[in-house]
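What follows is the residue order along each chain.
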Amino acid sequence: MFYREAGDFNTSYAEDQQTFPIKFDRYRYYVVLFIAIFVVPFIINDYWANSFLLPFLIYAIAAIGLNILVGYCGQVSLGTGGFMAVGAYACYKLMTAMPDVSMFIHVLLAGLITAAVGVLFGLPSLRIKGFYLAVATLAAQFFLVWLFNRVPWFYNYSASGQINAPERDTFGILITGPNTEAWATYMFCLIFTIASALVARNLTRGSVGRKWMAIRDMDIAAEIIGVNPLRAKLTAFAVSSFFIGISGALFFAIYLGAVEVGEAFGITKSFLVLFMIIIGGLGSIFGSFAGAAFLVLLPVLLKIVGVDWLGWPTDIVAHLQLVIVGGLIVVFLIAEPHGLAQLWRVAKEKLRLWPFPH
């Protein structure tokens, strides 16, 4: 009843093309932002921060980055974990080399370094595509993990081979290290998540995004109408790797604090982020958030229901999670390729037309 366009009058092209043309959607968006910024920091605790909120925010950034490359530009990538490792190790080297520089600068520089590496590994996309491009990015995944394992300079010649985030503060508030508070790390990640979503949304709705989608739909036709495939594909790799690098830096410095590249950024990480955008919805910023929320919340819910309530063994619950995720991927690829985002759009259309059946 409340979800109607009645009373919404657009008097300019800017109003007609805005992200949320219906007032109810805009109000709902503002309410979610208000709760996330002004309510959650006052009620958050370490359990909710470490089990759900921080991983959700960080994986949402990684899913946005991969969705730009796969969902909007159509370039298949299986190297997300390796690019996250680039962001993590770049952030570590910057933190140890420039201890007085703000963490905001460290994370952004780590994203830029990852963007440069992403462009380098994106060069094969000019000649190959589809399965062959997926294999090339998979090779990048294994190469980057091998590089960070074998070259001691990347982990400052540590005997254990791990990298540990030193204590750093922003505006006098600790955001890395063992003595951080949950609300501080949450707000730091939330700032990057909101900024990444806004930047990605504006890029995908502008001329750059239209070029990406033209390449995705038919690259030969896109080149005929004037789209430069070299520039379009490499910008997609650069922007995607930038977001993924930021997520890797946050994953290491803010969330984990200490990582070993093979365990934290292995091939399973690449598949996890890929599953997020498949379930959430390819070519959708909202789908990136939906997929990240689903795959981060699913293990928590299964643990609560299966282990705590029903008393199942933890290995059974872990295998059940794999079965559920695998089944959902098959179902979405067959029945709804656009994922949870499309289901949400259909539900909104039903509400707009209710109670009429058509």
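Above this text is the structure in question.
In this report, the structure presented in the accompanying data block is examined. Here the structure is a predicted model, which is why all the values come from computation and not from measurement.

**Quick look at the pattern of salt bridges**
Pairs can form between side chains of opposite charge once their charged atoms are near each other.
Here comes step 1: Enumeration over the complete set of coordinates arrives at five salt bridges.
Here comes step 2: Residue Asp25 pairs with Arg28 through a salt bridge whose shortest N-O separation is 2.5 Å. Here the residue Asp25 and the residue Arg28 both occupy positions in helix H2 (residues 23–43), the gap between them amounting to three residues, near one helical turn.
Here comes step 3: Residue classification places Asp25 among the buried positions, given a relative accessible area of 4%.
Here comes step 4: Overall, Arg28 belongs to the partly exposed group, its relative accessible area being 31%.

**Here we look at helix H10 (residues 229–256)**
Here comes step 1: Over its 28 residues, H10 runs 38 Å from end to end, which matches the ideal 40 Å to within 8%, given 1.5 Å per residue.
Here comes step 2: If you look at H10, its biggest bend is around 30 degrees, right at Leu250.
Here comes step 3: Among the 28 residues that make up H10, 21 are buried, leaving the element largely enclosed by the rest of the structure.
Here comes step 4: Note on H10: the residue one or two positions beyond its end, Gly257, has a positive phi of about 85 degrees.

**Concerning the packing of helix H5 (residues 103–122) against helix H7 (residues 182–205)**
Here comes step 1: The interhelical angle for the contact between H5 and H7, taken along N-to-C directions, is 45 degrees, at an axis separation of 12 Å. The pairing of H5 with H7 is recorded here as oblique in orientation. You can see that H5 and H7 cross each other, and the crossing is right-handed. Facing Met103, Phe104, Val107 and Leu108 of H5, the residues of H7 in contact are Phe188, Ile191 and Phe192.
Here comes step 2: Of the residues assigned to the contact of H5 with H7, the class counts are seven nonpolar, no polar and no charged.

So, how was this worked out
- Residues numbered from 1 in each chain as written.
- Predicted model: local features only at pLDDT ≥ 70, side-chain atom pairs only at ≥ 80, totals over all residues.
- Heavy atoms only, no water.
- Salt bridge = Lys/Arg side-chain N within 4 Å of Asp/Glu carboxyl O.
- Helix = DSSP H or I, 4+ residues; strand = E, 2+ residues; numbered from the N terminus.
- Buried < 20%, exposed > 50% of the residue type's maximum accessible area, 1.4 Å probe, protein only.
- Expected span 1.5 Å × (residues − 1).
- Bend = angle between axes of the 7 residues up to and from the residue.
- Axes fitted to C-alpha atoms, helices over the stretch in contact; angles between N-to-C directions.
- Parallel < 35°, antiparallel > 145°, perpendicular 65-115°, else oblique.
- Left-handed = near helix turned anticlockwise from the far one by under 90°.
- Contact = heavy atoms within 4.5 Å.
- Nonpolar A, V, L, I, M, F, W, Y, C, P; charged D, E, K, R; others polar.

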